[in-house]
Every structure is written in C-alpha cells, then in structure tokens.
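Coordinates in review
In case you want the letters, here they are:
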Amino acid sequence: MQTAEFDVVVVGLGAMGAATLYQLAKRGLNVAGIDRFAPPHDQGSSHGDTRITRQAVGEGAAYVPLAIRAQQIWRELEAQVDEPLFEQCGVLVMTSSAAPTGQDGTPDFTANTLALARQFGIEHEALDAAQIRQRFPQFAPIHDSALGCFEPGGGYVRPERCIDAQLTLARQLGATLFTGETVQAIASDQGQVRVTSQGRCITAAKAVVCAGMWSSQLLGAPFDELLRVCRQTLYWYRLAEPAIFPEHSPSFIVHGASDEQHCYGFPPIPGEGSMKIATEQYSQASTPDDLDRQVSAAQSAAMYHDLVRTHIAGVTPELVKSAVCAYTVTPDAHFIIDQHPRLANVTVVSACSGHGFKHSAAIGEALAQQLVDGRSEIDLSAFSLARFAP
Ligand SMILES: Cc1cc2nc3c(=O)[nH]c(=O)nc-3n(C[C@H](O)[C@H](O)[C@H](O)COP(=O)(O)OP(=O)(O)OC[C@H]3O[C@@H](n4cnc5c(N)ncnc54)[C@H](O)[C@@H]3O)c2cc1C
C-alpha cells in the first residue's frame, strides 16, 4: 500500500470538491484530491453542459451571498483559463399556476425570489403574464395568473468547464490528484485523518468529503438517514425551423402547482439547434448503484407533451440527446456543510439538493477560509447538521 501525507485531502472532485481543492491550493496548502472517476465526468451530479445561476436565490437568504461571490469567482477563473464559464443571459423565474405553491408547502418560489431581490438590492424586474408574453414571446403559453421575476445578471454556467478549470489550476498550484481511485474508508484519530482507497492510504491533518450521491455509502450514519438520491432527466429538443425561438433568451424556471409541473431550461447554445429543458422529481429514490441511466422514448414524449409544449414555443418533439443525473436531497432541501459528527477534522459537504452548482465556487472558497483562517467570510451556519437533531 502506498502512503502519502498532506495538509488537507479532498474526497470527491466534482463541483464542490474541485472548488475546495483549488481554493486550498491557492492558499499554498499541500493538498490532495481523490476521485473514483476522472472529473469532469458524467456519472455524478455535475454534467449536462449547463447550470442556472441567479443571485436572487428563492431557496433562501442564506444562499444569496454565496451566489453573488460564486459569480465573481467564475469571472476570475475565466480570466485565468481564457475560456467562457459564465453566460450572463439573464434568468426569468415564473410561477405559472392558478394555485401557486412552493415545494413542501413553502411560500411561492417566484414571490420569494422577488422579495430576496428587493432585500439584497439585486437588479430585477417584476412581470405579470401580459408583460412576460410581450417581452418573452417564447413563453407565450404561460398561465394568465403567471408572476415573473427577470434578473438580467443571472444566466448559466458550464459545469464541466468550471470543474476542469479549477482542477487544472489546482494542479498548477501544486495539488496532487488521484483519479480512478475509490475511497473505501475514512478514519480519524490522534489528530490525523486517514483516507484509504484500494491501493493507497492518504494521511492528512484535515479532510473535506464532497462525495455527492455516494456520500451515504461512504459516510454511513447520520447521512444515510438524511440524504435521498433522486434520478433526474435532462432533454435536448430540436428547435423549430425556421427558428421561432429567439437567439437571445434567458435561462428560465417555471414553477407549477406541484414538483411534476416545474420545468426549467436554457437558451439554445449557438450552433447546436436544440434546447435543454428538464423537470424535477422527488417521489422516487434511487441509489448510485441502481440509478437507471437510460431515457426511454416514452419518457421523452411525455416530457414534451406535459411540460414543453405547454410552456415554450418554438421547440419540436424531436429529441437530440438526453442525460440522467441525480439530486441528493436533504429532508428540508437545504445544504449540509458541517463537521462530521464523529470523525474529527472531517468536513462534509452534501451534494446540495439539486441547487448547488451556482454556489460551488464560493462554497469552496468559504471552506478553504475555514480550514486556513478558522472562519469564513460568508456565514455557512445555516447549513449545519444541528437542524436535523432529534
Ligand atoms: C439534472 C441536474 C440539474 C441541476 N441544475 C442545477 C442548476 O441549474 N443550478 C444549480 O445551481 N445547481 C443545479 N444542480 C445541482 C448541482 O449540479 C449539484 O448540487 C452539484 O453539481 C453537486 O456537486 P457535488 O460536488 O456535490 O457532486 P458531484 O459533482 O457528483 O461530485 C461528487 C464526486 O465525488 C466522487 N466520489 C464519490 N464517492 C467517492 C469515493 N468513494 N471515492 C472517490 N471519489 C468519490 C464522484 O466520482 C464525483 O466526482 C443540478 C443537478 C442536477 C443533477
């Protein structure tokens, strides 16, 4: 067995791990990262070309500083790697339902978004159904009771490129990467953390575990009780010809009366002639091992019939490609970022319940600040495990 010693080891190098590794390496620490695959890859929760980013984060006020800081970091990274990472095309959040409700009985998502935009002084416009149809005719089929929040500073990021950029820079800054190695055990004693894979034992003063949907398998209790893996499907439909869908379109989120009536999507990526649209499901749980990665023709047809044609104009039912991804969801759909309750010097970052990517660069920075300086500029206390204590 090979052994190696570091200041910090990061387990899992997807969205959260790549950001954490980069930020630690940037601060001059001797860091290692380990992943079962070779990130960026399409086996976890960070693939599929695009992720929405917005500052007025309707999920809650605790997220807003993270979203704002992450957008700044994407721009800093772009300058370093000379590649576009963040497309600022705007975001339109809409509630299109006669009876708008949020997930799990929480207040309406668009109303929350508008309230947070006002609270934090984020540039935005509040729109009613007539204004949405006039400004964005691609969403003409919207319900008459629709309520919208357009945030011009939002848009989308390119997840695979973001991960690649941070890992590349981390490596340049001296980080050691072990890929294609699955961590089998994490132990902590006498002020040292031991991370063991098939052929390697890494020891470090501290560890950060960002294992995404594999977190329960790797960490056991209490994470196995708290985290549910929910299969999600991404669809790319061909645009109509001649094009009706405008070239300059925002990313969008449409909230219906139930999870099954939500959908979200992205403007067409130039030259691709298709549009990525997805919905969310929370009713069926999977495990990483039994996740069905096939998308059937029936699924794609149902998605088009139920959500695409009812919300968006200018998109045909022809499926260009599809992908399966997973949300790893906590009971209240908020993040867990905290010390492991039994393993000293081990920090755990949950896979962030389907809305984490936009924050990942700032979460990595905040974790690095905590590990190096003892505290982070952005308060992460809202994401503590204590809220689930019996
Ligand atoms: C379909 C979909 C759409 C989404 N849309 C948005 C969006 O629009 N906006 C947004 O902000 N967020 C969005 N999200 C959420 C966001 O993408 C996730 O919160 C985020 O990518 C999770 O990152 P992660 O690092 O926790 O997980 P991952 O990126 O999956 O990384 C986990 C890593 O850990 C590695 N690993 C696991 N176990 C081990 C082990 N034992 N040993 C070694 N390595 C291991 C894996 O190989 C993997 O690389 C979406 C998610 C999905 C699935």
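Please read these numbers as outputs of a predicted model, since none were measured by experiment.

All right, on to the packing of helix α1 (residues 15-26) against helix α5 (residues 159-172) then. Interaxial distance between α1 and α5 falls to 8 Å at its minimum, and their mutual angle equals 30 degrees. Classified by the angle their axes make, α1 and α5 are roughly parallel. Note on packing geometry: the crossing formed by α1 with α5 is left-handed. On α5, the residues touching A15, A18, A19, L21, Y22 and A25 of α1 are I163, Q166, L167, L169 and A170.

What follows concerns the domain arrangement of the protein chain. Here the domain parsing of the protein chain yields domain 1 (2-47 + 159-226 + 332-388) and domain 2 (91-152 + 228-328). Each of domain 1 and domain 2 has a C-alpha centre, and these two points are 30 Å apart. In this complex, domain 1 contributes 16 residues to the contact, which on the side of domain 2 involves 14 residues. Here domain 1 packs against domain 2, burying approximately 1100 Å² in sum over the two surfaces, 50% of which is carbon and sulfur. On the surface where domain 1 and domain 2 come into contact, there are 0 salt bridges.

Moving on, we get to unusual backbone geometry. Glycine aside, the phi torsion of most residues is negative, and most peptide linkages are trans. Of note, the bond from P39 into P40 is cis; its omega dihedral lies within 30 degrees of zero at 0 degrees. Looking at where P40 falls in the secondary structure, it is placed in the loop between β2 (31-35) and β3 (51-53). That bond from A221 to P222 is cis: its omega, 0 degrees, falls within 30 degrees of zero. Of note, P222 is situated in the loop between α6 (215-219) and α7 (223-226). Positive phi outside glycine occurs at D82, with the angle close to 55 degrees. Relative to the elements of secondary structure, D82 occurs in the loop between α2 (64-81) and β4 (86-87). Judged by its relative accessible area of 72%, D82 is exposed. One non-glycine residue with positive phi stands out, namely Q190, at about 50 degrees. Note on placement: Q190 falls in the loop between β10 (183-189) and β11 (192-197).

We now examine the sheet that holds β3. Within the open sheet, the 3 strands sit side by side as β3-β8-β4. Their pairing is antiparallel. Bordering the open sheet on either side are β3 and β4, each of which pairs with just one other strand. Here 3 bridges tie β3 to strand β8 (residues 155-157), and the two strands are oriented antiparallel to one another. By the bridge assignment for β8, I52 is matched with Y156.

Cut-offs applied
Residues numbered from 1 in each chain as written. Predicted model: local features only at pLDDT ≥ 70, side-chain atom pairs only at ≥ 80, totals over all residues. Heavy atoms only, no water. Axes fitted to C-alpha atoms, helices over the stretch in contact; angles between N-to-C directions. Helix = DSSP H or I, 4+ residues; strand = E, 2+ residues; numbered from the N terminus. Parallel < 35°, antiparallel > 145°, perpendicular 65-115°, else oblique. Left-handed = near helix turned anticlockwise from the far one by under 90°. Contact = heavy atoms within 4.5 Å. Domains from an automatic or database assignment. Buried area = accessible area lost by both parts, 1.4 Å probe. Salt bridge = Lys/Arg side-chain N within 4 Å of Asp/Glu carboxyl O. Buried < 20%, exposed > 50% of the residue type's maximum accessible area, 1.4 Å probe, protein only. Pairing = 2+ DSSP bridges.

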